[in-house]
Amino acid sequence: MTSTQTAPVVQRPNIVAVGTIVWLGSEVMFFAGLFAIYFTLRSTNPAAWAEQASILNVPYALVNTIILVISSFWCQFAVWAAERGQAHRTSWKPRDWGVTEWMFLAYAFGAIFVSGQVLEYATLVSEGITIDGDAYGSAFYLTTGFHALHVTGGLIAMLLMLGRVFAVKNFGHKEATSIIVVSYYWHFVDVVWIGLFLVIYVLK
């Protein structure tokens, strides 16, 4: 009597998720370079920081930061809905919401954040802080501006995911993976902004 042995099942990580994490690693290096530029300019131009950093509206930036952080929670709720395969709400109760509802909420809060940053830029320019004015203006707009572009990219990705969810007849593993990947990126830009907020507004 012969016995057969079953080969062990190897659980390979999702290639899309792994690729996204590797790409986010390169983004970490990119923003590390921006932080290095900011600290270098600040160390060589202390007078500019002493004069212009006081103009920043810290309470306004704090509220805007809280809005972005909250959007990250909504995005995570969308991930949990995707993991249970729920594309749309089953009732108006938040606990019964699906991917579309939570993702739209995350998008709305992210859009409010970007709009708030644009308004802040307009206010600072009216007060004389411009990107070509001095080292402080260059460092401020360079770091926050690149982050704003990344947030805008995340908003576009959310719209694409919402469109995909509405387009498919059956919400499956591929769609759920796409939502999870977008959440990785969104959480990343949130964490980067917290670092920028602490460096630019708190440790000014």
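In this numbering scheme, every chain counts its residues from 1 along its sequence in written order. Restriction of local features to residues with pLDDT of at least 70 applies here, the model being predicted, together with a cutoff of 80 or more for giving and counting side-chain atom pairs; totals for whole chains, interfaces and linings are based on all residues. By convention in this description, side-chain values take in all heavy atoms of the structure and omit both hydrogens and water.

Draft legend 1. Quick peek at the overall build of the chain. Within the chain, the secondary structure is distributed over 6 helices and 0 strands. Strands here mean DSSP runs of E at least two residues long; helices mean DSSP runs of H or I at least four residues long; both are numbered from the N terminus. Secondary structure elements of the chain, listed N to C terminal, follow the sequence α-α-α-α-α-α. We take the radius of gyration over the C-alpha atoms and set the globule estimate at 2.2 Å times the residue count to the 0.38 power. Taken against the 2.2 N^0.38 rule, which gives 17 Å for 204 residues, the C-alpha radius of gyration of the chain at 21 Å runs more than 25% over that of a compact globule. Across its three principal axes, the chain shows a C-alpha extent of roughly 85 × 45 × 25 Å.

Draft legend 2. Just the UniProt feature "transmembrane region" (unreviewed entry) in the chain, in detail. UniProt positions are given in the numbering used here, feature names are shortened, and annotations may be inferred rather than shown by experiment. The UniProt entry lists residues 21–41, 61–82, 102–119, 139–163 and 184–203 under the feature "transmembrane region" (unreviewed entry), expressed in the numbering used here. Helix makes up 100% of residues 61–82 and strand 0%, with an end-to-end C-alpha separation of 32 Å.

Draft legend 3. Examining the packing of helix 3 (residues 58–83) against helix 6 (residues 173–202) more closely. Between helix 3 and helix 6, the least distance of the axes is 9 Å, while the angle of their chain directions is 160°. Judged by the inter-axis angle, helix 3 sits roughly antiparallel to helix 6. In this structure, helix 3 crosses over helix 6, and the sense of that crossing is left-handed. Charged residues are taken to be Asp, Glu, Lys and Arg, nonpolar residues to be Ala, Val, Leu, Ile, Met, Phe, Trp, Tyr, Cys and Pro, and polar residues to be all remaining types, Gly included. In terms of residue class, the contact of helix 3 with helix 6 is made up of 18 nonpolar, 6 polar and 2 charged. Each axis is a line fitted through C-alpha atoms, taken for helices only over the stretch in contact, and angles between the N-to-C directions span 0 to 180 degrees. Oblique is the label for every angle not falling under 35 degrees (roughly parallel), over 145 degrees (roughly antiparallel), or within 65 to 115 degrees (roughly perpendicular). Helix crossings fall into two classes, left-handed where the near helix is turned counterclockwise from the far one by less than a right angle and right-handed where it is turned clockwise.

Draft legend 4. Main features of the pattern of salt bridges. A pairing counts as a salt bridge when a side-chain nitrogen of Lys or Arg comes within 4 Å of a carboxyl oxygen of Asp or Glu. Here the structure, examined in full by the defined rule, presents 1 salt bridge. As a salt-bridge pair, Arg164 and Glu175 come within 3.9 Å of each other at their nearest N and O atoms. Taken as a pair, Arg164 in helix 5 (residues 135–167) and Glu175 in helix 6 lie far apart in primary sequence, 11 residues in all. Categorising residues by exposure relies on relative accessible area from a 1.4 Å probe, with only protein chains included: less than 20% of the type maximum marks a residue as buried, more than 50% marks it as exposed, and the intermediate range marks it as partly exposed. For Glu175, a relative accessible area of 11% translates into the label buried.

Draft legend 5. Summary view of the environment of Leu142. Along the chain, the position of Leu142 falls in helix 5. Residue class for Leu142 comes out partly exposed when judged on its relative accessible area of 29%. Put simply, Leu142 and Tyr38 are 104 residues apart on the chain and 8.7 Å apart in space, counted from C-alpha to C-alpha. Any pair of residues with heavy atoms lying within 4.5 Å of one another is described as a contacting pair. If we ignore the near neighbours within four places in the chain, the residues touching Leu142 are Leu34 and Ile37.

Draft legend 6. Up close: the packing of helix 5 against helix 6. Where helix 5 meets helix 6, the closest approach of the two axes is 10 Å, and the angle between their N-to-C directions is 160°. Judged by the inter-axis angle, helix 5 sits roughly antiparallel to helix 6. When you trace helix 5 past helix 6, the crossing you get is left-handed. By residue class, the composition of the contact of helix 5 with helix 6 is 17 nonpolar, 7 polar and 3 charged.

Draft legend 7. Geometry of the nonpolar core. Residues belong to a common nonpolar core when they are buried Ala, Val, Leu, Ile, Met, Phe, Trp, Tyr or Cys residues joined through side-chain atoms within 4.5 Å. Formed by 54 residues in total, the largest nonpolar core has its most connected members in Tyr136, Phe140, Phe171, Ile179, Trp186, Ile200 and Tyr201. Put simply, the parts of the chain that give this core at least two residues each are helix 1 (15–44), helix 2 (46–52), helix 3, helix 4 (99–126), helix 5 and helix 6. Considering each element in turn, this core owes the most residues, 15 residues, to helix 6. Leaving out residues up to four positions away in the same chain, Phe140 has contacts with Leu56, Glu120, Tyr121, Leu124, Gly145, Ile200 and Tyr201.

Draft legend 8. View of the packing of aromatic side chains. Stacked, tilted and edge-to-face are the three classes assigned to paired rings of Phe, Tyr and Trp, where Trp is represented by its six-membered ring and a pair needs centres within 6.5 Å; plane angles under 30 degrees give stacked, over 60 edge-to-face, the rest tilted. Summed over all chains, the structure comprises 20 aromatic pairs. Ring centres 5.1 Å apart and planes at 65° place the aromatic pair Tyr121 and Tyr141 in the edge-to-face group. Here Tyr121 is found in helix 4, whereas its partner Tyr141 is found in helix 5, with 20 residues between them in sequence. Both residues of the pair, Tyr121 and Tyr141, count as buried. Linked through ring pairs, Tyr38, Phe39, Trp49, Phe113, Tyr121, Tyr136, Phe140, Tyr141, Trp193, Phe197 and Tyr201 together constitute an aromatic cluster. Should the NZ of a Lys or the CZ of an Arg lie within 6 Å of a ring centre and within 35 degrees of the ring normal, that charge is described as sitting over the ring. The ring centre of Trp92 lies 3.6 Å from the NZ or CZ of Arg89, which sits over that ring.

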